[in-house]
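# Descriptive structure summary
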Amino acid sequence: MHIKTQAIVLRERAIDEFDSVLTLLSRERGVITAYARGARKPRGSLKVPSELLSYSCFVLFWNRDRYQVDRADLDTLFMGVRADVEKLSLASYFCQLLMETAPKEEAAGEYLRLLLNALYLLDKGKRDCSFIKPVFELRLMTMCGFMPDLVSCAGCGCFEAEEIYLLAQSAQIICGDCLKKEPPGETPVRLSKTVLAAMRHILYAPFEKLFSFTIPDQQLADLNEITQYYVMVQTEKRFETLDFYLSVKLPT
Ligand SMILES: [Zn+2]
């Protein structure tokens, strides 16, 4: 059975001299693993489409419980991301996050769209890594079932308060008064008004407006800390690709 799908390479793993196994994020089937025969042949037609972050139209053949790449027509290479160690390391983190959280064997058009948009903005230098990162992290969490409730305080239901805290484990916010009355069994993280507004935008904005906001540098740094902490708490994982990104990222 043949399947045609738009997909991007999240990981390429060599299995012998000429062949690779690809982890793809595909529009129709989400995260899948596909065997790419000849992917490592220097002049093979699958060489470039099999590289990390290559976005192509793949024709896959399903046989004996696995996909095999029949053909791939390259669409985008994202050279501007590949050529920059900071951008590439951030993109690798996004790929690892998607392998962990995106649907497998079912449609994942929204996930693909989020990644492609983030890569496009990085590729063209339209937004910095430190802006793209928290937007991607938090929006992804909302898509894969880890959406926090940022509408109102979990205790009293107020929308605004002098002090608002994120409870990352229980995925909700709580106001300063409620926090004093009934301390939660987890560490609260203080959210400034600017950071909370940005987080609400990332969660609730229509996709077309997702990346269309600005935030001062100091609050952006806070937002980065908070969203990566939230990802770590919710997925219960520490991603080595994130550590690598943090080790190479330029100071903002
Ligand atoms: Zn409250």
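The rules behind these values
- Residues numbered from 1 in each chain as written.
- Predicted model: local features only at pLDDT ≥ 70, side-chain atom pairs only at ≥ 80, totals over all residues.
- Domains from an automatic or database assignment.
- Contact = placed C-beta atoms within 7 Å.
- Helix = DSSP H or I, 4+ residues; strand = E, 2+ residues; numbered from the N terminus.
- Nonpolar A, V, L, I, M, F, W, Y, C, P; charged D, E, K, R; others polar.
- Axes fitted to C-alpha atoms, helices over the stretch in contact; angles between N-to-C directions.
- Parallel < 35°, antiparallel > 145°, perpendicular 65-115°, else oblique.
- Left-handed = near helix turned anticlockwise from the far one by under 90°.
- Pairing = 2+ DSSP bridges.
- Core = buried A, V, L, I, M, F, W, Y, C linked by C-beta atoms within 7 Å.
- Buried ≥ 20, exposed ≤ 12 C-beta atoms within 10 Å, placed from the backbone.
- Expected span 1.5 Å × (residues − 1).
- Arc of directions from axis to C-beta.

We now examine the domain arrangement of the chain. As far as domains go, the chain holds domain 1 (1–77), domain 2 (83–150 + 193–246) and domain 3 (151–192). Relative placement of domain 1 and domain 2: their C-alpha centres are 25 Å apart. Taken residue by residue, the interface counts 14 residues in domain 1 and 17 residues in domain 2. At the level of secondary structure, the elements contributing two or more residues to the side of domain 1 that touches domain 2 comprise β1 (2–14), β2 (20–26) and β3 (30–36). Looking at the side of domain 1 that touches domain 2 residue by residue, the class counts come to seven nonpolar, three polar and four charged.

Orientation of helix α2 (residues 85–101) relative to helix α8 (residues 240–248), taken along the N-to-C sense of each, is 165°, at an axis distance of 8 Å. Compared by their axis directions, α2 and α8 come out roughly antiparallel. The handedness of the crossing between α2 and α8 is left-handed. Of the residues in α8, those touching α2 at V85, E86, S89, L90, S92, Y93 and Q96 are T241, L242, F244, Y245 and V248. Looking at side-chain class alone, the contact of α2 with α8 contains seven nonpolar, four polar and one charged residues.

Attention shifts here to the sheet that holds strand β7 (residues 164–167). As a general point, the strands of a sheet are linked pairwise by backbone hydrogen bonds and lie either parallel or antiparallel. Pairing is mixed in the open sheet, where four strands are placed in the order β6-β8-β7-β9. What marks the edges here is a single partner per strand, and that holds for β6 (149–153) and β9 (189–191). On average, each strand axis in the sheet is inclined to that of its neighbour by 35°, with strand direction left out of account. As defined by bridge partners, β7 adjoins strand β8 (residues 172–175) across four bridges and the pair is classed as antiparallel. Along β8, the bridge assignment pairs L167 with Q172.

Time to look at the sheet that holds β3. The strand order around the closed barrel built from five strands is β1-β2-β3-β5-β4, with neighbouring strands paired in mixed fashion. Geometrically, the sheet is characterised by an average inter-axis angle of 50° between neighbouring strands, direction not taken into account. In this fold α2 packs onto β1, β2 and β3, with an angle of close to 120° to the strand it touches most, β1. Against the sheet, helix α3 (residues 109–123) touches β1, β2 and β4 (55–63), its axis set at about 100° to β2.

Our next topic: the nonpolar core. Counting residues in hydrophobic clusters, the biggest one holds 70 residues, and the most contacted among them are I8, L24, L25, A91, F94, L98 and L115. Residues within four places of L98 in sequence aside, it is in contact with L10, L25, V31, Y111 and L115.

On to the environment of P216. Assignment of secondary structure puts P216 in the loop between α6 (193–204) and α7 (217–235). The class for P216 is exposed, based on 9 C-beta atoms found within 10 Å. When the C-alpha atoms of P216 and E162 are compared, they prove to be 20 Å apart, with 54 residues separating the residues in sequence.

Our next topic: the pairing of β4. Pairing of β1 with β4, which is carried by seven bridges, proceeds in the antiparallel orientation. Note that in β4 the partner of T5 across the bridge is F58. Linkage of β4 to strand β5 (residues 66–76), two consecutive antiparallel strands, is achieved through a turn of two residues, within which R64 is found at a positive phi near 50°.

When glycine is set aside, most residues are seen to have a negative phi, and most peptide bonds are trans. One non-glycine residue with positive phi stands out, namely D65, at about 65°. Among the structural elements, D65 can be located in the loop between β4 and β5. Judged by the 5 C-beta atoms lying within 10 Å of it, D65 falls in the exposed class. Of note, F78 is a non-glycine position whose phi angle comes to about 55°, a positive value. Turning to its location among the elements, F78 is positioned in the loop between β5 and α1 (79–82).

Another aspect to go through is α6. For α6, which comprises twelve residues, the first-to-last C-alpha distance of 16 Å matches the rise-based estimate of 16 Å (1.5 Å per residue) to within 8%. Listed in full, the buried residues belonging to α6 are V195, L196, A198, M199 and I202. Buried positions in α6, seen along its axis, are confined to an arc of 160° and lie on one side of it.

Here is the key point about a regular strand: its side chains alternate between the two faces of the sheet. Of the strand pairs in this sheet, β1 and β2 are connected by seven bridges, and their pairing is antiparallel. What sits directly across from I8, in β2, is L25. In textbook terms, the turn of a hairpin is the stretch between consecutive antiparallel strands, and for β1 and β2 this stretch comprises five residues.

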